[in-house]
Amino acid sequence: MRPCRRGPALPLLLLTAGLLAACGPDEPPGAVPERGAAPAAGTIGTASAAEDGQWTMQAKDYAGTRYSGLDQINVGNVARLRQAWSFSTGQLNGHEGAPLVVGSTMFLVTPFPNVSYALDLTQPEPTIKWQYNPRPNEYAIGKACCDVVNRGWAYADGKLIYNLLDAHTIAIDAETGREVWRTKMDDVEKGVTMTMAPLVVKDRVLVGNSGGEMGVYGWIAALDVKTGREVWRAHNTGPDELVRIGPEYRGPYPWLQGEDLGVKTWPGDAWRRAGSAVWGWITYDPELDLIYYGTSNPSPWNQEQRPGLNLFSAAVLARDPDDGMARWAYSFTPHDAWDYDGVNEDVLVDLPIGGRMRKVLVHFNRNGFAYVLDRTTGRVLSAEPFGPVNWATGVDLETGLPQVVPEKVTRENEWVRDICPADVGYKNHSPTAYSPRTGLFYVPRQNVCMDYRAHPVSYIEGTPYWGAEVTHQPGPGGFRGEFMAWNPVTGTKVWGIPDKFPVYSGVLATGGDLVFYGTVEGYFRAVDARTGRVLWQDKLPSGIIGAPMTYRGPDGRQYVAILSGVGGTMPLYKDVPGYPPKGGSLHVFSLGDGP
């Protein structure tokens, strides 16, 4: 692989101009270990328990790998996969989460009105143990940016814990379905909703808010798992006291160092309505005792109304889960002018970088660059384009700053054409998977570019604070999505499966050398993790934007499950032939008889 560009220190806003980065996905892939060989590229980066056949958190483990060691279903027999049973959720909006399995019980939560179900897996036909309707405020429906989705739920301390669209977090007794506690986290009247998946670390339930398009004040908070009492709250913009920055904080670069950066990098009091919400994923390293999460776009989209670096929007932050104090922060897209949120998952793995194993964080950003960061310091080790990026020529590894192409910076009252990627990114929040057997990441990618025109916008609490018009078109090659394998050590694409729609589902990797994903058209697929060959697929009633998971049932058999139900931002493409009908349902598969 050709090395990434390095350059001199750059100005803080328009950093540099140049040609499209030369190294990237079109270069020859690195070698992939033979089937059954020891993994060469890296390992899961946090301590994890031996495979027990359960799926007790959204990403399977704290590292966010979405990898299961189960291998009863494998490349040799996956063609025999058959639907074992299905379950209708009764809801027609986008289904974005993954089922959880704890013991012999499966847990589901629907999009609004956020009804939860416990299914008994010991029965021949799984039956409802209980269902609970929390009856959230319908006012929240009109405040949700991108459908009334719920991206996931958590299990801990005998409780099913999840967020309601109306900015509450609730805990349900996992055995009885009785509500144990409900905590109001913010005011939906201000435009705040909650769609992210909570993560439980020790005795803390970690949650964040949505609403970057409403000019909310972004935060992450910790609740006591037993009582729901708020333990700490950290904002992502504002003075150090509110951002919870103290003497332990170490900015990885000079532009991320200094006092009250969350104020000084914004005009006036714009930090109070700065977006920078936490609507994506959280991961945790128990050895470093740090949580990692991303923040959304700055508000408004019109970048001319907020001169400055706009820290800490479109960023990743590392915090102590006990007290919320920040340890470091890095902004992927400082002064974001394109809606390149930083909320995508931060997967924690250990990789051989520069001849030695490093504790790293791998993040496929909306802006089109695949980042490998040192997760102890936040410094960028590599940042390679995983699609045809043209808004920047690369990321300067000495400064950590993107090398921006001035002609692609969005402007007020002027159309800027053919910006790649679009505001939805070359990858949105749909989570990747990592296999320690292959050392590869499996990435649900979009391939969409945009035309963009900003316009002035005034802030009115609880109303859209947007300030932009955007149109989308397929990216280079004419397709809108791709499912691909990526080598994080070499920064290269290994294989890819193009799609006429954006690939918007999550991904599952297994010990059977399989990866599972779904398409907007409704195909649920099993792919050879090493070659990218589709080995099996089944057409479901609606499109797939949820995340697959796998578990060992009470009968000792391995099952794979996925929620079907198109929604989210995918209605943008409803006029493309093949777009499926709405419908929410769970589909569970196991091996059938025959060849």
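Residues numbered from 1 in each chain as written. Predicted model: local features only at pLDDT ≥ 70, side-chain atom pairs only at ≥ 80, totals over all residues. Heavy atoms only, no water.

Caption draft 1: A look at the packing of aromatic side chains. Inspection of every chain in the model, using the stated rule, returns 35 aromatic pairs. Ring centres of Phe-369 and Trp-391 lie 6.2 Å apart, and the angle between their planes is 80 degrees; this geometry places the pair in the edge-to-face category. Of the two residues, Phe-369 sits in strand β22 (residues 369–374) while Trp-391 sits in the loop between β23 (380–385) and β24 (392–395), which places them 22 residues apart along the sequence. With relative accessibility at 0%, the residue Phe-369 sits in the buried group. Chaining the aromatic ring pairs together yields one cluster made of Tyr-253, Trp-255, Tyr-330, Phe-332, Trp-338, Tyr-340, Phe-369, Tyr-371 and Trp-391. (Phe/Tyr/Trp six-rings, centres within 6.5 Å; stacked < 30°, edge-to-face > 60°. Helix = DSSP H or I, 4+ residues; strand = E, 2+ residues; numbered from the N terminus. Buried < 20%, exposed > 50% of the residue type's maximum accessible area, 1.4 Å probe, protein only.)

Caption draft 2: Looking closely at the pattern of salt bridges. The final tally for this structure, using the stated rule, is 28 salt bridges. Note that Arg-151 and Glu-96 form a salt bridge whose closest N and O atoms lie 2.8 Å from each other. Pair noted here: Arg-151 is in the loop between β7 (127–132) and β8 (154–156) and Glu-96 is in the loop between β3 (81–88) and β4 (100–102), with a separation of 55 residues, a long-range link. Here the two residues Arg-151 and Glu-96 agree in accessibility, since each one is buried. Salt-bridge contacts for Lys-159 lead to Asp-157; the nearest nitrogen and oxygen are separated by 2.3 Å. (Salt bridge = Lys/Arg side-chain N within 4 Å of Asp/Glu carboxyl O.)

Caption draft 3: Here's a closer look at the sheet that holds β4. The four strands lie next to each other as β4-β5-β6-β7, forming an open sheet whose pairing is antiparallel. Each of the sheet's edge strands pairs with one partner strand only, and the pair in question is β4 and β7. In this sheet, adjacent strand axes meet at a mean angle of 25 degrees when their direction is disregarded. Of the pairings in the sheet, the one linking strand β5 (residues 105–109) to strand β6 (residues 116–120) comprises five bridges and is antiparallel in character. Bridging across to β6, Thr-105 finds its partner in Asp-120. (Pairing = 2+ DSSP bridges. Axes fitted to C-alpha atoms, helices over the stretch in contact; angles between N-to-C directions.)

Caption draft 4: Up close: the pairing of β6. Burial within β6 is extensive, with five of its five residues counted as buried. Burial of the side chains of β6 extends over both faces: Ser-116, Ala-118 and Asp-120 are buried on one face and Tyr-117 and Leu-119 on the other. Counted along the chain from β5 to the antiparallel partner β6, the turn is six residues long, and its residue Asn-114 has a positive phi close to 60 degrees. Strand direction decides the pairing type here: β6 and β7, joined by five bridges, are antiparallel. The residue of β7 that forms the bridge with Asp-120 is Thr-127.

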